[in-house]
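Report on the structure
Listed below are the residues making up each chain.
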Amino acid sequence: MKRFMLALVGATLAAAGITAQAQNLAAGRAAFDKAGCAACHGADAKTPILPEYPVLAGQYADYLMLALRAYKRGAEEGNHAAIVRKNATMGVQIAALKSEQEIRDIAAWLSSLPSDLSTRH
Amino acid sequence: MKLRTDLIRTMSVLAVMASCLGAGQAGAADVEPIVGNIDNARDKISMCIGCHGIKGYKTAFPEVYHVPMIAGQNAKYIEIALAEYRKGTRSHPTMNAVAGSLSDQDIADLAAYFSRLK
């Protein structure tokens, strides 16, 4: 009986975890659309409207977060010792992302998408 | 007197115009679009694949994250990124050093190479 209860609790937690992750991905997709990212990067995040814009789908989530952080630093005044990217377009776009959680959700969703990105060489 | 002034003026204008012809030709010859060559890139990728070619590879302290996957990325974007690292518009110790050693042709070759790996 005890073993059964233990298994039941475990299964419930696992289900909750999966649901939570699905929720984050959905939130990421919503934030991606709301911030207007699809307009340049494509709704599937891998068919940008111009070849100058990167494919985002399937990229590592923590790298995407770093990139967004770097664009944000680039838009701010001040001398940053850390990694910075100065980009007129992204500097403006990043302003639409208000919270760290939004950035994390978008990055998680993007990395979950199918893509051709790889470490092939 | 008037005739000589006009003559000198006309001759100098013609001389300037003639010099423009020569300079124009030289200028036109320099503008050739750089096209990436995938075969030439094979000798240049060793600097890249040490980080970008290893699955799960991460950067060093203080900002630790996965080195981005570049195979299959848009060629034009790779070119822009490398040019920005070379120029300093993007700051990153390793990438600044790597890109600093690349010529425009190198950048075009590498971008063409990695973009085709799908």
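An account of the accompanying structure is given in this report.

With that settled, the discussion passes to the overall build of chain A. Counting its regular elements, chain A contains five helices and zero strands. Along chain A, from the amino end to the carboxyl end, the secondary structure elements read α-α-α-α-α. Against the compact-globule benchmark of 14 Å for 121 residues, chain A has a radius of gyration of 18 Å, which places it well outside the compact range. Structurally, chain A occupies a C-alpha span of about 65 × 35 × 35 Å along its principal axes.

Our focus in this paragraph is the interface of chain A and chain B. If you look at the interface, chain A gives 28 residues, while chain B gives 32 residues. Across the chain A/chain B interface, buried area totals approximately 2,700 Å², and carbon plus sulfur atoms make up 54% of it. Put simply, glutamate 63 of chain B and arginine 73 of chain A hold a salt bridge, and the shortest N to O gap is 3.1 Å. Summed over the shared surface of chain A and chain B, the number is 16 residue pairs in polar contact (both at pLDDT 80 or more).

Residue position: asparagine 74 of chain B is located in the loop between helix H3 (46–52) and helix H4 (75–87). A polar contact of 2.8 Å, which involves the side chain of asparagine 74 of chain B, links it to the backbone oxygen of tyrosine 53 of chain A.

Turning our attention to the pattern of salt bridges. Within the structure shown, the criterion is met by eleven salt bridges over all chains. Here aspartate 33 of chain A ties to arginine 29 of chain A by a salt bridge, and the two come within 4.0 Å at their closest N and O atoms. Within this pair, aspartate 33 of chain A and its partner arginine 29 of chain A are both found in helix H1 (residues 2–34), separated by four residues, close to a single helical turn. A salt bridge links arginine 69 of chain A to glutamate 63 of chain B; its shortest N-O distance comes to 3.4 Å. Pair noted here: arginine 69 of chain A is in helix H3 (residues 61–75) and glutamate 63 of chain B is in the loop between H3 and H4, and the two residues belong to different chains.

Across all of its chains, the model carries three aromatic pairs over all chains by this definition. When the ring of tyrosine 63 of chain A is compared with that of tyrosine 65 of chain B, the centres are 6.2 Å apart and the planes differ by 40°; the resulting orientation is tilted. You can see tyrosine 63 of chain A sitting in helix H3 and its partner tyrosine 65 of chain B sitting in the loop between H3 and H4, one on each of two chains. Among the residues examined, tyrosine 63 of chain A registers a relative accessible area of 10% and is labelled buried. We classify tyrosine 65 of chain B as buried; its relative accessible area is 5%. Consider the rings of tyrosine 113 of chain B and phenylalanine 114 of chain B, whose centres lie 5.3 Å apart with planes at 85°: the pair is edge-to-face. In this pair, the class of tyrosine 113 of chain B matches that of phenylalanine 114 of chain B, namely buried.

Analysis parameters
- Residues numbered from 1 in each chain as written.
- Chains lettered and ligands numbered in written order.
- Predicted model: local features only at pLDDT ≥ 70, side-chain atom pairs only at ≥ 80, totals over all residues.
- Heavy atoms only, no water.
- Helix = DSSP H or I, 4+ residues; strand = E, 2+ residues; numbered from the N terminus.
- Rg over C-alpha atoms; globule rule 2.2 N^0.38 Å.
- Contact = heavy atoms within 4.5 Å.
- Buried area = accessible area lost by both parts, 1.4 Å probe.
- Salt bridge = Lys/Arg side-chain N within 4 Å of Asp/Glu carboxyl O.
- Polar contact = N/O pair within 3.5 Å; in protein donor to acceptor, adjacent residues only side chain to side chain.
- Phe/Tyr/Trp six-rings, centres within 6.5 Å; stacked < 30°, edge-to-face > 60°.
- Buried < 20%, exposed > 50% of the residue type's maximum accessible area, 1.4 Å probe, protein only.

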